[in-house]
Amino acid sequence: MTKNVLLTGGSRGIGRVIQEVFTKAGFNVIAPGRDELDLSSEISINTYFKSNVIEYDVVINNAGINIIKPILEISSEDLKLINQVNLSAPLQIIQHCVPYMKEQQSGRIINVSSIWGVRSKEYRTLYSGTKFGLIGYTKALARELAEDNILVNAVCPGFIDTELTAKSLSESQKEELLKQVPLNRLGKPEEIAKHILYLATENTFITGQATIIDGGFLS
């Protein structure tokens, strides 16, 4: 029987490659766009699951936003938006999908955090707060859902060669960045996607972990 995967943020970057890798592996990947599933709205999330009654074997919370601001420029609107998209939405999605996983006594949940969910830097208060929080969710849910054979893990990508990275970094900035990465290159989206595939398929004993995939940047 073909297994169903719910993937958020599947339209570009790492998400698009995750969709390609899982589809090639034989999964039925459902990757709704923002017009179907708006993560900034709990109403949209609830409506989506009421309208699309699908039993998901794997959930990949990949979508997220980044707001980079000095502390004195952060507004309450910024806080509400990033917390809803990066923290509340993944939990709300898991709540909708877990009943079926519990019923079949099997499931895989993978949350895409970031290296900035393990350490941080200036102006990343909002982003790091949510990405640290997502790892906290991962660890707590791994404990809670283990008895139902639902494995919950996170991945923490470092600097990855995506369209967004190419647009946001000049060549000189990229060269300077690579000096901080021991492997002296950007990661490939495929390297993230294949690890997530492993966590969703071959993995039977890893749960509650946050795997850093960063070429040694945080070493």
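Look a little higher up for the structure.
Residue indices follow the written sequence of each chain, beginning from 1 at its first position. Selection of residues for local features in this predicted model requires a pLDDT of at least 70, selection of side-chain atom pairs for listing and counting requires 80 or more, and totals for whole chains, interfaces and linings are taken over all residues. As a convention, hydrogens and water are excluded, and side-chain values are obtained from all of the structure's heavy atoms.

## A short note on the nonpolar core
Reasoning step 1: Definition of nonpolar core: a set of buried residues of the types Ala, Val, Leu, Ile, Met, Phe, Trp, Tyr and Cys, connected through side-chain atoms within 4.5 Å. Exposure classes here rest on a 1.4 Å probe applied to the protein chains alone. A residue is buried below 20% of its type maximum, exposed above 50%, and partly exposed in between. Ranked by size, the top nonpolar core spans 23 residues in total, and within it Leu6, Leu39, Phe49, Tyr56, Ile93 and Ile109 carry the most contacts.
Reasoning step 2: When residues of this core are assigned to their parent elements, the largest contribution, 7 residues, is made by helix α3 (residues 76-104).
Reasoning step 3: Any two residues having at least one pair of non-hydrogen atoms within 4.5 Å are treated as being in contact. Excluding residues that lie within four positions of it along the chain, Tyr56 makes contacts with Asn4, Val5, Leu6, Ile30, Tyr48, Phe49, Cys97, Tyr100 and Met101.
Reasoning step 4: One finds Val5, Val155, Ile160 and Ile196 within the second-largest nonpolar core, a separate group that totals 21 residues. Secondary structure elements follow DSSP: runs of H or I of four or more residues count as helices, runs of E of two or more count as strands, with numbering from the N terminus.

## A few points about the pattern of salt bridges
Reasoning step 1: Whenever Lys or Arg places a side-chain nitrogen within 4 Å of a carboxyl oxygen from Asp or Glu, that contact is recorded as a salt bridge. For the coordinates displayed, the defined rule picks out 5 salt bridges.
Reasoning step 2: A salt bridge links Arg185 to Glu191, with the nearest nitrogen and oxygen atoms 2.7 Å apart.
Reasoning step 3: With a relative accessible area of 35%, Arg185 lands in the partly exposed category.

## With respect to the sheet that holds strand β4 (residues 107-112)
Hydrogen bonds along the backbone pair up the strands of a sheet, which may run parallel or antiparallel.
Reasoning step 1: Strand pairing is assigned whenever DSSP identifies at least 2 bridges connecting the two strands. Strands sit in the order β2-β1-β3-β4-β5-β6 across an open sheet of 6 strands; the sheet is parallel. Every interior strand has two partners, whereas the edge strands, β2 (28-30) and β6 (210-213), have only one. Going across the sheet, the axis of each strand differs from the next one's by a mean of 20 degrees, ignoring polarity.
Reasoning step 2: Strand direction decides the pairing type here: strand β1 (residues 4-7) and β2, joined by 3 bridges, are parallel. Pairing of Leu6 across the sheet is with Ile30, part of β2.
Reasoning step 3: Each axis is a line fitted through C-alpha atoms, taken for helices only over the stretch in contact, and angles between the N-to-C directions span 0 to 180 degrees. Against the sheet, helix α4 (residues 125-145) touches β4, β5 (150-157) and β6, its axis set at about 160 degrees to β5.

## Re the environment of Ile110
Reasoning step 1: Among the structural elements, Ile110 can be located in strand β4.
Reasoning step 2: The spatial distance from the C-alpha of Ile110 to the C-alpha of Ala210 is 9.6 Å, given a sequence separation of 100 residues.
Reasoning step 3: In this structure, Ile110 is in contact with Val58, Val59, Ile60, Asn61, Asn153, Val155, Ile196, Leu199 and Ala200, ignoring residues within four places of it in sequence.

## Remarks on the environment of Glu144
Reasoning step 1: Its place among the elements puts Glu144 in helix α4.
Reasoning step 2: The exposure class assigned to Glu144 is exposed, which follows from its relative accessible area of 52%.
Reasoning step 3: Note: C-alpha distance between Glu144 and Phe22 (122 residues apart in sequence) is 27 Å.

## Re the packing of helix α2 (residues 42-51) against α3
Reasoning step 1: Where α2 contacts α3, the two axes come as close as 10 Å, and the packing angle between them is 25 degrees. Relative to α3, the element α2 lies roughly parallel. Like other packed secondary-structure pairs, α2 and α3 cross with a definite hand, here right-handed. Counted together, Glu42, Ile45, Asn46 and Phe49 of α2 and Gln84, Ala89, Gln92, Ile93, His96 and Cys97 of α3 form the full contact between these two elements.
Reasoning step 2: Residue polarity follows a fixed list, in which Ala, Val, Leu, Ile, Met, Phe, Trp, Tyr, Cys and Pro are nonpolar, Asp, Glu, Lys and Arg are charged, and the others, Gly among them, are polar. Its residues assigned to classes, the contact of α2 with α3 shows 5 nonpolar, 4 polar and 1 charged. Note on terminology: angles under 35 degrees are roughly parallel, angles over 145 are roughly antiparallel, angles of 65 to 115 are roughly perpendicular, and the others are oblique. Note on convention: near helix rotated counterclockwise from far helix by under a right angle means a left-handed crossing. Clockwise means right-handed.

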